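# Descriptive structure summary
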Amino acid sequence: MRALHIERHRTERIGWLRAAVLGANDGIVSTASLVVGIAAAHAARSDILVAGVAGLVAGAMSMAAGEYVSVSSQADTEQADIERERKELSNDDKYEHEELAAIYVKRGLDASLAKQVADQLMAHDALTAHARDELGISDTLSARPVQAALASAGTFAVGAAMPLLTVLVTPKTALIPVVVGTSILFLAILGGFGAYAGGAPVTKAALRVTFWGALAMALTAGVGALFGAVV
Ligand SMILES: [Zn+2]
């Protein structure tokens, strides 16, 4: 007889972890690119630092605002959907039973079993059953806009601080290669860690983030060098 085993899935953990890794990733890529672009235009170290710190604050605020708006509007939409469902349930109970049963038929149950499942689930908690199986809303996804905004801004700032600290401790002549090198290293570690914690392939994730980070820095370095030569 085959022993029962409990599979451990990690998708629940991915929500906040993904947001944190994404925030730090954005902070590193945008600030390192900013620093490299300005350094390529032969700016003084103090100007590079001022631009980098301004970039950190601007980026963190933009992440916070974006996350707050996105999570709030998601929550509003879910709330409105659930209100509509609540009305439908009180207006046309028979239709709602058929509707839920039809969903289970579509997922592979035969008609009589689907009806039985729908009836029992609706007797237990009709709104939750419809929210989950008709609307795809489960309460584990309940949105927290302020927390999401703070987490995004905080992780962005941590990411952005890495290239800025590198600028502080690196001689001016070696600034561009050192910032590029350390940032790619940070990105690879972060991408690999995010993948590891989420149970996804590590090397693939690390390569993906370092490719985009390197591309961003190469582009801003090109633009910075061009403007530095022109202006
Ligand atoms: Zn319904």
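Notes on the structure follow. (Residues numbered from 1 in each chain as written. Predicted model: local features only at pLDDT ≥ 70, side-chain atom pairs only at ≥ 80, totals over all residues. Heavy atoms only, no water.)

## Looking at the coordination of the zinc ion
Only Glu85 (OE), Glu96 (OE), Glu99 (OE), His130 (ND1) and Glu134 (OE) from the protein coordinate the zinc ion, and they sit 1.8 to 2.3 Å from it. Expressed as a motif, the donor residue spacing for the zinc ion is E-x10-E-x2-E-x30-H-x3-E. One end of the pair, Glu85, is in helix α2 (residues 45-91); the other, His130, is in helix α4 (residues 111-133), and 45 residues separate them in sequence. Judged by its relative accessible area of 3%, Glu85 falls in the buried class. (Donors = N, O, S within 2.8 Å, 3.2 Å for Na, K, Ca; no water. Helix = DSSP H or I, 4+ residues; strand = E, 2+ residues; numbered from the N terminus. Buried < 20%, exposed > 50% of the residue type's maximum accessible area, 1.4 Å probe, protein only.)

## Quick word on a nonpolar patch on the surface
A cluster of nonpolar side chains, namely Tyr68, Val69, Val146 and Leu150, defines an oily patch on the protein surface of about 410 Å² accessible area. Those elements that provide at least two residues to the nonpolar patch are α2 and α5 (145-169). For Leu150, a relative accessible area of 61% gives the class exposed. (Patch = residues over 30% accessible without salt bridge, like charges linked within 9 Å, V, L, I, M, F, W, Y side chains within 5 Å. Areas by Shrake-Rupley, 256 points an atom, 1.4 Å probe, with all protein chains shown as cover. Salt bridge = Lys/Arg side-chain N within 4 Å of Asp/Glu carboxyl O.)

## With respect to the layout of surface pockets
Empty space within the second largest pocket amounts to approximately 400 Å³. Looking at the lining of the second largest pocket, the elements that each hand over two or more residues are α1 (11-40), α6 (175-198) and α7 (202-230). Broken down by element, the residue count for the lining of the second largest pocket peaks at 7 residues, all from α1. Here the residues of the lining of the second largest pocket sort into 8 nonpolar, 4 polar and 3 charged. (1 Å grid on protein atoms, 1.4 Å probe; cavity = no way out; pocket = protein on both sides within 12 Å on 5 of 7 lines; lining within 4 Å. Points joined across faces, edges and corners; volume = space filled by probe spheres on them. Nonpolar A, V, L, I, M, F, W, Y, C, P; charged D, E, K, R; others polar.)

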